[in-house]
Amino acid sequence: MMKPSFKQLVEILSTTEGIHIRSERFVAVPVDHCERSTLESALKAAGYSEAAQVNSDAHVFSLSAGAWNELPPIYKDEESFWEANGTAGFVPEHFYIISSGASSLDEDVPFIKSVFLIFKTRSLINKVADHYISSDQKALFFVSDEGKGVKKDVVLSLSIDDVLKVKFDRDSLASVDELFNIVKSDDVHKSEREEVFRRALTILLEEPHNDCSDLLWVINNISRLHRKYKEQYEIYFHNFSVSKLLNEIDQKSLEFTSKLMEFISSSQNKALSIPGAIIAIAALVRLGGGYEVLLVVLGLWLVKKIVIMSNDAMSSTFNDLKWQVEKSFEKYKKIKDSDEVVELAVNNKDRLIAKIEKADLDLKKINKLANATFVAGCIYAAIALFSGGDKVENQAEVSGSLPAQSEQK
């Protein structure tokens, strides 16, 4: 058995004037506006199992279920249409409403536009819901709010009175279509877009709307929901970018801190040669020969020279590092729409430069200490040489007097 096709029948009914209903279950088509053969052909294609009756002014066919292979999408009024289709998952492909003469072919009829808007909005909410309870026709979803999960639910059923309260504007369908396409796109950002949509929907539902249901409130404000989604997505993207920039700043700070500690460690290793020089100075006190003293002084001079040369090179490296820090953090100052990023960049830059300047100042102190050590060594050397010369003269005097003493004996 072929599947019934209601397309031809709906087209005939939609283009024929004066169609009305009789005795609650019979459709009367004026004979002056429709040929019987055309109507019977359409009825047969639609699965009507009886012959159309003809009276003086109309062709009549029944809407009783027994006369059809499948219930026809023909309704006496909007209420019967909604009663039959209000809980369905989609709008019938073909239908005709006798009281208003509206059909699936009439896209500009307010009631038809409202029906399509309702079904699309309901499908949109159902798509982003975390769970759908079919028995209650309720969509459940969870939204993260300041680290806490917020549960929201929206009943997706509407009464015919609510349907007739739908406020349709020219942007409504365009907004719901764009929102549906946004959340339908299957890519790596799908879950983020759905989360942003749920957040925008939650914000909209938190507004006072005591005189209508949640679903009706969303439908009547679908254009605002679209704008709120854009606002929330911009905030999300901005926060994501800000977080990325903050992490980038922290990473750069760690890199520069690591470099600085490496340089400081190297300079400290050079400074360890100074205590050895001090030990050498102490050894001067015990030396008596001039050559030994001169060798120690030469060693002190070499230590001083090496330390100062190394520190000067390190100071130049610190200047380069300071320039790198300035250059690396300069670009973050241009981000005018995020005070948090600018503030963190400036603070980290100032902190790193302060550390570099302190390390450079420490190098200068080490240089002064190396110079002081060499000067002290020279002083000690002079004292050691002078004291050594006195000792030699004293020894000579003593040795010269010993023979005289022996002769007297």
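Here's what I pulled together on the structure shown here.

Glancing now at the pattern of salt bridges. Evaluation of the coordinates by the stated rule reveals 10 salt bridges. Ionic pairing is found between Glu 207 and Arg 224, a salt bridge with its closest N-O pair at 2.6 Å. Taken together, the residues Glu 207 in the loop between helix H7 (190-205) and helix H8 (214-220) and Arg 224 in helix H9 (residues 222-271) connect sequence positions 17 residues apart. Arg 224 gets classed as partly exposed once you look at its relative accessible area, which sits at 26%. A cluster of three or more residues bridged by salt bridges with shared partners is formed by Asp 130, Glu 195, Arg 198 and Arg 199.

To continue, consider the sheet that holds strand S5 (residues 74-75). On the basis of which strands lie adjacent, the open sheet formed by three strands has the order S5-S6-S7 and mixed pairing. Only two strands of the sheet have a single neighbouring strand rather than two, namely S5 and strand S7 (102-103). By the bridge criterion, two bridges tie S5 to strand S6 (residues 96-97) in an arrangement that is parallel. Bridging across to S6, Tyr 75 finds its partner in Ile 97.

A surface patch of nonpolar side chains, about 370 Å² in accessible area, is lined by Leu 298, Trp 301, Leu 302 and Ile 306. As for its position among the elements, Ile 306 is in helix H11 (residues 290-330).

Ranked by size, the top nonpolar core spans 45 residues in total, and within it Trp 82, Phe 197 and Leu 225 carry the most contacts. Secondary structure elements with two or more residues in this core: helix H3 (78-85), helix H4 (110-128), strand S9 (138-145), helix H5 (160-164), helix H6 (172-184), H7, H8 and H9. It is H4 that contributes the most residues to this core, nine residues altogether. Contact partners of Leu 225, with chain neighbours within four places excluded, come to Leu 179, Phe 197, Ala 200, Leu 201, Leu 204 and Val 218. If you look at the next biggest cluster of nonpolar residues, it comprises 22 residues, including Val 10, Val 29, Phe 61 and Trp 68.

Let us now look at the sheet that holds strand S4 (residues 58-62). Strand order in the open sheet formed by four strands is S1-S2-S4-S3, with antiparallel pairing between adjacent strands. Sheet topology places strand S1 (20-22) and strand S3 (53-54) at the edges, where each strand pairs with a single neighbour. The sheet contact formed by S3 and S4 spans two bridges and is antiparallel. Paired with Val 54 across the two strands is His 59, which belongs to S4. Each of strand S2 (26-30), S3 and S4 touches helix H2 (residues 36-45); the most contacted strand, S4, lies at about 15° to it.

This next bit is on the pairing of S4. Burial runs high along S4: five of the five residues are buried. By the alternation rule, side chains of S4 split into Ala 58, Val 60 and Ser 62 and His 59 and Phe 61, which are all buried. If you look at the hairpin formed by S3 and S4, you'll find three residues sitting between the two strands.

Within the secondary structure layout, Ser 104 lies in the loop between S7 and H4. Side-chain polar atoms of Ser 104 contact the backbone oxygen of Glu 93, separated by 3.5 Å.

In terms of residue burial, S2 counts as a mostly covered element, since four of its five residues are buried. Here three bridges tie S1 to S2, and the two strands are oriented antiparallel to one another. By the bridge assignment, Ile 21 is partnered in S2 with Val 27. From the end of S1 to the start of S2, which pair antiparallel, there are three residues, and Ser 23 there has a positive phi angle of about 50°. Pairing analysis gives five bridges linking S2 to S4, with the strands arranged antiparallel. Paired with Val 29 across the bridge in S4 is His 59.

Where H4 meets H6, the axes come as close as 10 Å, and the angle between the chain directions of the two elements is 25°. With respect to H6, the element H4 is oriented roughly parallel. Crossing of H4 against H6: the hand is left-handed. For the pair H4 and H6, the contacting residues are Phe 116, Leu 117, Lys 120, Thr 121, Ser 123, Leu 124, Lys 127 and Val 128 in the first and Ser 172, Leu 173, Val 176, Asp 177, Leu 179, Phe 180, Val 183 and Lys 184 in the second. When the residues that make up the contact of H4 with H6 are grouped by side-chain class, the tally is nine nonpolar, three polar and four charged.

Moving on, we get to the packing of aromatic side chains. Following the criterion strictly, the structure yields seven aromatic pairs and no others. Centroid distance Tyr 48 to Phe 61: 6.0 Å. Interplanar angle 75°. Geometry classified as edge-to-face. Of this pair, Tyr 48 sits in the loop between H2 and S3 while Phe 61 sits in strand S4, and the two are 13 residues apart along the sequence. For the pair shown, Tyr 48 and Phe 61 are each scored as buried. Three or more aromatic residues joined by ring pairs make a cluster, and in this case those are Tyr 75, Phe 81, Phe 95 and Phe 111.

The rules behind each value
- In this numbering scheme, every chain counts its residues from 1 along its sequence in written order.
- In view of the model being predicted, local features appear only for residues whose pLDDT reaches at least 70, and side-chain atom pairs are presented and counted only at 80 or more, with totals across whole chains, interfaces and linings using the full set of residues.
- Only hydrogens and water are set aside when side-chain values are computed; all heavy atoms of the structure are taken into account.
- Should a side-chain nitrogen of Lys or Arg be within 4 Å of a carboxyl oxygen of Asp or Glu, the pair is scored as a salt bridge.
- Strands here are runs of E lasting at least two residues and helices are runs of H or I lasting at least four, both read from the DSSP assignment and numbered beginning at the N terminus.
- Here the term buried applies to any residue with accessible area under 20% of the maximum for its type, exposed to any over 50%, and partly exposed to those in between, with areas from a 1.4 Å probe on protein chains only.
- In this scheme, strands are said to pair when DSSP sees at least two bridges between them.
- The patches reported here contain residues having more than 30% relative accessible area and no salt bridge. Joining distances are 9 Å for like charges and 5 Å for nonpolar side chains (Val, Leu, Ile, Met, Phe, Trp, Tyr).
- Using a 1.4 Å probe, the Shrake-Rupley method yields the accessible areas, and only the shown protein chains count as cover for residues.
- Within this scheme, the nonpolar core is defined by two criteria: the residues are buried Ala, Val, Leu, Ile, Met, Phe, Trp, Tyr or Cys, and they are joined through side-chain atoms within 4.5 Å.
- Here, residues are in contact when the closest pair of their heavy atoms is within 4.5 Å.
- Axes here mean lines fitted to C-alpha atoms, for a helix over just the part in contact, with angles spanning 0 to 180 degrees between N-to-C directions.
- Polar contact is defined as a pair of N or O atoms within 3.5 Å, subject to the rule that within protein one atom must be able to donate a hydrogen and the other to accept it, and that residues adjacent in sequence are counted only when both atoms are side-chain atoms.
- Oblique is the label for any angle not covered by the other classes, which are roughly parallel (under 35 degrees), roughly antiparallel (over 145) and roughly perpendicular (65 to 115).
- Should the near helix be turned anticlockwise from the far one by less than a right angle, the crossing is termed left-handed; should it be turned clockwise, right-handed.
- Amino acid classes used here: Ala, Val, Leu, Ile, Met, Phe, Trp, Tyr, Cys and Pro are nonpolar; Asp, Glu, Lys and Arg are charged; the rest, including Gly, are polar.
- In this analysis, rings of Phe, Tyr and Trp, with Trp reduced to its six-membered ring, are considered paired at centre separations within 6.5 Å, and the interplanar angle assigns stacked below 30 degrees, edge-to-face beyond 60, and tilted for intermediate values.

Take it as geometry only, folks, not as evidence of what the structure does.
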